[in-house]
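Residues per chain are reported as follows:
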Amino acid sequence: MYSNYDLHTHSIASDGSLTPAELVARAAAAGVEVLALTDHDTLSGVAEARRAAGPLPIQIVAGVEISVSWQGRTVHLVGLGVEPDDHALRQGLAGLLEFREWRAQEIGRRLRRDSGISDAFAGAARYARGDLVGRTHFALFLVEIGRARDLRSVFKQFLVSGKPGHVAGDWASLEQALGWIRGAGGQGVLAHPARYSLTRSKRHRLIGEFKELGGVALEVVSGSHNLDDCLNMAHDARSFGLLASAGSDYHGPESPWLELGRLPSLPLQCQPIWRDWPLAAAA
Ligand code: AMP
Ligand code: MN
Ligand code: MN
Ligand code: MN
């Protein structure tokens with residue numbers, strides 16, 4: 001049986017800083033046995049991750065973190081075990097990537113107009129290294145030119161609602177995202193549910209709709225959850241009859257709030273999402 005799972009990580013295919021091969025090598029060296037690559041709205045790193053894992057003692061789960069608009073805010077769904085060539089999933093993600101392209105240019109225009117920052121789009125694109133340009137890449141550029149101290153302050157000053165570089169999300173609906181994930185043979189996980197600053201009752205409404213539409217697990221252990229969040233999400237998973245997932249949300253060695261291979265175990269009352277995975281039998 002495998003015991004070291006990390007089911008939420010990023011590479012340069014979205015806003016992580018390692019290549020998929022570097023991520024896989026680092027995860028394997030840190031003792032991760034089962035790794036899901038879950039880049040934002042793209043599967044483009046999965047093939048490289050699989051190739052890199054070939055000779056290493058690590059299994060790769062094909063995954064994606066889909067951006068969803070729900071009741072005027074953005075929430076994230078992780079899809080695990082998806083078929084990367086599934087047509088409808090690819091089409092759906094292509095639509096989100098198109099919105100991302102427009103949004104990145106619009107963020108650049110707004111930063112120029114309202115904050116006098118020229119060339120933010122080009123600067124962000126440099127950090128994105130040819131792949132999708134996300135808010136993290138703008139944040140890296142703004143830190144580079146000295147407009148803020150660190151990534152957190154850039155988000156706070158420029159990139160969140162009410163700030164000059166904010167552009168409202170126009171992502172998938174919960175129903176679309178779960179439809180794509182399930183249609184591609186995958187399992188839908190509600191990512192870092194404690195991070196959305198929702199009231200308890202609103203969070204429960206989100207979890208209820210998620211379950212109704214075929215979602216199967218809550219991310220209970222997450223790099224963005226503290227111990228209280230983790231215990232609360234374990235409680236929610238149990239009361240909604242959902243499985244539990246665990247992922248670091250790793251973005252690279254320079255964001256070291258949670259290193260690979262160091263995830264705490266799921267609380268005992270949880271049913272792990274990997275409970276019935278065939279790969280466990282192979283170990
Ligand atoms: P995007 O999907 O392009 O809108 O960017 C969302 C990503 O930005 C998240 O997945 C995080 O990687 C990053 N992010 C969001 N908020 C913050 C923050 N306060 N500090 C640092 N990174 C953040
Ligand atoms: Mn990210
Ligand atoms: Mn996320
Ligand atoms: Mn993530």
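Here, the structure is the one placed above.
Everything numeric in this text was worked out from a predicted model, so none of it was measured. (Residues numbered from 1 in each chain as written. Chains lettered and ligands numbered in written order. Predicted model: local features only at pLDDT ≥ 70, side-chain atom pairs only at ≥ 80, totals over all residues. Heavy atoms only, no water.)

Engineer: So what's going on with the overall build of the protein chain? Residues and values would help.
Structural biologist: Check the secondary structure of the protein chain and you find 10 helices and seven strands. In summary, the protein chain has a C-alpha radius of gyration of 18 Å against a globular reference of 19 Å for 283 residues, a match within 12%. Taken along its principal axes, the extent of the C-alpha atoms in the protein chain is 55 × 45 × 40 Å. Per-residue burial over the protein chain gives 53% buried out of 283 residues. (Helix = DSSP H or I, 4+ residues; strand = E, 2+ residues; numbered from the N terminus. Rg over C-alpha atoms; globule rule 2.2 N^0.38 Å. Buried < 20%, exposed > 50% of the residue type's maximum accessible area, 1.4 Å probe, protein only.)

Engineer: Give me the lowdown on unusual backbone geometry, citing residues and values where you can.
Structural biologist: For residues besides glycine, phi is generally negative; the peptide bonds are generally trans as well. The backbone of Asp41 sits at a positive phi, close to 55°, despite the residue not being glycine. Checked against the element boundaries, Asp41 lands in the loop between β2 (34–37) and α2 (46–53). Under the relative-accessibility criterion, Asp41 is labelled buried at 0%. The phi angle at Asp119 is positive, at roughly 65°, despite the residue not being glycine.

Engineer: So, the pairing of β2: which residues are in play, and what are the values?
Structural biologist: On β2, burial covers both faces: Val34 and Ala36 on one face and Leu35 and Leu37 on the other are all buried. Regarding the hand of the β-α-β motif, the stretch spanning strand β1 (residues 5–6), helix α1 (residues 20–29) and β2 is right-handed. (Right-handed = clockwise from strand over helix to strand, strands pointing away.)

Engineer: I'd like a description of the coordination of the manganese ion (ligand 3), backed by residues and values.
Structural biologist: Around the manganese ion (ligand 3), the protein contributes the donor atoms Glu65 (OE), His76 (ND1) and His192 (NE2), which lie 2.1 to 2.2 Å from the metal centre. Here the donor residues of the manganese ion (ligand 3) are spaced in sequence according to E-x10-H-x115-H. Between the two metal centres, the manganese ion (ligand 3) and the manganese ion (ligand 2), the spacing is 5.8 Å. Of this pair, His76 sits in strand β4 (residues 73–80) while His192 is found in the loop between β5 (187–190) and α8 (200–212), placing the two residues 116 residues apart along the sequence. (Donors = N, O, S within 2.8 Å, 3.2 Å for Na, K, Ca; no water.)

Engineer: Any details on the coordination of the manganese ion (ligand 4)? Residues and values, ideally.
Structural biologist: Each protein donor to the manganese ion (ligand 4) is listed here as His8 (NE2), His10 (NE2), Glu65 (OE) and Asp249 (OD); together their distances run 2.1 to 2.2 Å. Along the chain, the residues donating to the manganese ion (ligand 4) are arranged with the sequence spacing H-x1-H-x54-E-x183-D. Distance-wise, the manganese ion (ligand 2) is placed 4.6 Å from the manganese ion (ligand 4). Residue His8 is located in the loop between β1 and α1, and its partner Asp249 is located in the loop between β7 (243–247) and α10 (278–282); the two are separated by 241 residues in the primary sequence. A relative accessible area of 0% means that His8 is categorised as buried.

Engineer: Any details on the site of ligand 1? Residues and values, ideally.
Structural biologist: Near ligand 1, the surroundings consist of Asp15, His40, Arg100, Arg103, Gly134, Arg135, Thr136, Arg152, Phe155 and His251. With respect to ligand 1, the side chain of Asp15 contributes an N or O atom lying 3.1 Å from an oxygen atom. With respect to ligand 1, the side chain of Arg100 contributes an N or O atom lying 2.8 Å from an oxygen atom. Relative to its unbound accessible area of 500 Å², ligand 1 is 80% covered by the protein chains. At the level of elements, α3 (87–115), α5 (135–144) and α6 (151–159) are the ones that each hand at least two residues to the shell around ligand 1. Classifying every residue of the shell around ligand 1 gives one nonpolar, four polar and five charged. (Near = heavy atom within 4 Å. Polar contact = N/O pair within 3.5 Å; in protein donor to acceptor, adjacent residues only side chain to side chain. Areas by Shrake-Rupley, 256 points an atom, 1.4 Å probe, with all protein chains shown as cover. Nonpolar A, V, L, I, M, F, W, Y, C, P; charged D, E, K, R; others polar.)

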